Protein chains: 2
Amino acid sequence: MKCQLWFSEYHTKNFALSLRVKDVLFTGKSKYQEIQILDTYDFGKVLILDNTFQTTERDEFIYHELISHPALFTHPNPKKVLVIGGGDGGTVREVVKHESVERVDFVELDEMVLELCKKYMPSLSCEMDNEKVNIIIGDGIKYVAECDEKYDVIIVDCPDPVGPAVGLFEKEFYKNVFKCLNDDGIMTQQTESPLYNLDLIKKIYTYLKDAGFSIVKPYVCSIPTYPSGFWCFTLASKKYDPLDVDENKIKEKLKNIPTKYYDEEVHKGVFLSSPKFLKDELKK
Amino acid sequence: MKCQLWFSEYHTKNFALSLRVKDVLFTGKSKYQEIQILDTYDFGKVLILDNTFQTTERDEFIYHELISHPALFTHPNPKKVLVIGGGDGGTVREVVKHESVERVDFVELDEMVLELCKKYMPSLSCEMDNEKVNIIIGDGIKYVAECDEKYDVIIVDCPDPVGPAVGLFEKEFYKNVFKCLNDDGIMTQQTESPLYNLDLIKKIYTYLKDAGFSIVKPYVCSIPTYPSGFWCFTLASKKYDPLDVDENKIKEKLKNIPTKYYDEEVHKGVFLSSPKFLKDELKK
């Protein structure tokens, strides 16, 4: 029998997900974290930061389409977009699909992640050289604190709330995001698993409401390589309700925006399918 | 360091999910399959058949509410229900929550699963002694082939399509299910993962259409312990469209039906959130 190489993420100390590895493409350490890029049998190339799955070639379309399009299709005319985190480039790739978008400011802390994904995961990083994309190597928390710009949409493509990412889940950060949005601006953030992080989702919901967003809505989907596979995003909006968007307008725009997961039904479906226990928790 | 016991399901030969085990409550073999009941740290008690996760105390509510309620709330007055498979009892537990239901015929092949779940997983098997529930130990495929009864709703709570369950995914079976339903009858089946079993979902869709169902709709959710965690059910209906059901009627009925996952929004949301690539495949 041939020697087998596996990578396991321990979602908790009692729950693990393992992928069989074809090839170790990179393993090393940046200023901020340990980085691995593995080629796996079932999920293609996989980016791992500090032993945690960030993205895989096989399922990344679910995550990247759903962190981007609900906000971008809710806003009638997003021109200026800020993306915080997501060094693999998948979120930026989705954002620039929108013709209305004139500029994407893309703030990523770890330049090494960016460079490695440019080299090893071109299907995600393919828009890094797009002239609309303005790459800023720096801390997203500091960026929104000091920023004088106003954006139409801000997407927070953050890792789990540990280490330098903790501040991306704190009260102050959401106040600054609110400040950096136009009067009809919208933000979206990945907000972990409803099965494992219900308290966190509730906390974020409260912070966003307190920051002044009139509409705050969680939405859910499946991300196979994330803890429990059951995943939540939270959208916060100053003016437009994602459930009020005209389906036909989404359909019309989608003619020029290729997607695999998102369409005008999914736009509504992901919000409506938020489980009762999650909605109950937010009502408390 | 204390000795650690883990159970791993190999979803494929290159993809595994592992849970740390507190206690092995039962391990043995019935006429049909290997059965294990394990007490795990993260997911409570877990039923495993032929090395495959069937249900866990922690996440079973998602599966059992979603295999049952979309059909039962789409039918305006379900009285007679047939449940095929699901020896743990979770589906039957959800079905009898509906006041209109007068009788549940529950056909399970493996009596040993039923007995073990009665003993070890009472939160699932709690309605096995309900007087409305008529337990039939036997083969569901044969049952619908020979049955003269007519049901309002049929739920096929089947395992993966291997071994004796293969016939629960075949043309002949769906024709017989159609035959056993009233003129406004509805059936639901768990139909595996859109990421791993797209061809199978497409095949089932075609078989159900060919059997005569005018409305056939897949719907999706997350089941953490199933392969990829991204799961699909398919609902097939002779008359009523699940998307046409009045939300207020669902809300009214839910006053007497305790749920953790399902509500009138989830009812629509799970259908609408079917990914584009799945809908595209069914249109081909």
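The name that an unreviewed UniProt entry assigns to chain A is Polyamine aminopropyltransferase, with the source organism given as Methanotorris igneus. What the UniProt record of chain A gives under Catalytic activity (unreviewed entry) is the line "S-adenosyl 3-(methylsulfanyl)propylamine + putrescine = S-methyl-5'-thioadenosine + spermidine + H(+)". Recorded in UniProt under Pathway (unreviewed entry), the annotation for chain A is "Amine and polyamine biosynthesis; spermidine biosynthesis; spermidine from putrescine: step 1/1."

Here we take up the interface of chain B and chain A. The interface is formed by 41 residues belonging to chain B together with 41 residues belonging to chain A. Taken over both partners, the interface formed by chain B and chain A buries close to 3,600 Å², and the fraction arising from carbon and sulfur atoms is 58%. Here chain B is connected to chain A by 4 salt bridges. At the junction of chain B and chain A, the tally comes to 22 residue pairs in polar contact (both at pLDDT 80 or more). Counting only elements with at least two residues in the side of chain B that touches chain A, the list comes to strand S1 (5–12), strand S2 (15–29), strand S11 (215–222), helix H9 (264–272) and helix H10 (276–283) of chain B. Class assignment of the residues belonging to the side of chain B that touches chain A gives a composition of 21 nonpolar, 10 polar and 10 charged. Bridging between strand S2 (residues 15–29) of chain A and S2(B) involves 5 bridges; their strand directions are antiparallel.

A separate point is the domain arrangement of chain A. Residues and elements named next belong to chain A. If you check the domain split of chain A, you get domain 1 (5–54) and domain 2 (60–283). Using only C-alpha atoms to locate each centre, domain 1 and domain 2 end up separated by 23 Å. Listed per partner, the contact involves 22 residues of domain 1 and 17 residues of domain 2. Buried area between domain 1 and domain 2, summed over both chains or domains, comes out near 1,700 Å², and the portion from carbon and sulfur atoms is 72%. The tally of links from domain 1 across to domain 2 stands at 0 salt bridges.

So, about empty space enclosed by the protein. Under the definition given, this model contains 4 cavities of 30 Å³ or more. Considered as a void within the structure, the largest cavity measures approximately 100 Å³ in volume. Lining the largest cavity are 14 residues; nearest its centre among them are A:Val220, A:Cys221, B:Val220, B:Cys221 and B:Ser273. At the level of elements, strand S11 (215–222) of chain A together with S11 of chain B are the ones that each hand at least two residues to the lining of the largest cavity. Across the lining of the largest cavity, the residue classes break down as 10 nonpolar, 4 polar and no charged. Quantified by volume, the second largest cavity comes out at close to 70 Å³. The wall of the second largest cavity is formed by 14 residues, among which A:Leu17, A:Pro224, B:Leu17, B:Pro224 and B:Gly229 lie closest to the centre.

It is worth spelling out unusual backbone geometry at this point. Residues and elements named next belong to chain A. Unusually for a residue other than glycine, Asp-50 sits at a positive phi of about 45 degrees. Looking at the element boundaries, Asp-50 is found in the loop between strand S4 (44–49) and strand S5 (52–56). Looking at Asp-50, the relative accessible area reads 41%, which means it is partly exposed. Although it is not a glycine, Ser-228 adopts a positive phi angle of roughly 80 degrees. For Ser-228, a relative accessible area of 3% gives the class buried.

Right, let's talk about the UniProt feature "binding site: spermidine" (unreviewed entry) in chain A for a bit. All names here are of chain A. UniProt records the feature "binding site: spermidine" (unreviewed entry) for His-64, Asp-88, Asp-157, Cys-158, Pro-159 and Asp-160 in the present numbering. Among the annotated residues just listed, those lining the second largest pocket are His-64, Asp-88, Asp-157, Cys-158, Pro-159 and Asp-160. Note that His-64 resides in helix H1 (residues 60–74). The class for His-64 is buried, based on a relative accessible area of 0%. Among all residues touching His-64, those that are not within four sequence positions of it are Thr-55, Asp-88, Gly-90, Thr-91, Arg-93, Glu-94, Leu-124 and Asp-157.

Cut-offs and rules
Residues numbered from 1 in each chain as written. Chains lettered and ligands numbered in written order. Predicted model: local features only at pLDDT ≥ 70, side-chain atom pairs only at ≥ 80, totals over all residues. Heavy atoms only, no water. UniProt positions renumbered as here; feature names shortened; annotations may be inferred. Contact = heavy atoms within 4.5 Å. Buried area = accessible area lost by both parts, 1.4 Å probe. Salt bridge = Lys/Arg side-chain N within 4 Å of Asp/Glu carboxyl O. Polar contact = N/O pair within 3.5 Å; in protein donor to acceptor, adjacent residues only side chain to side chain. Helix = DSSP H or I, 4+ residues; strand = E, 2+ residues; numbered from the N terminus. Nonpolar A, V, L, I, M, F, W, Y, C, P; charged D, E, K, R; others polar. Pairing = 2+ DSSP bridges. Domains from an automatic or database assignment. 1 Å grid on protein atoms, 1.4 Å probe; cavity = no way out; pocket = protein on both sides within 12 Å on 5 of 7 lines; lining within 4 Å. Points joined across faces, edges and corners; volume = space filled by probe spheres on them. Buried < 20%, exposed > 50% of the residue type's maximum accessible area, 1.4 Å probe, protein only.

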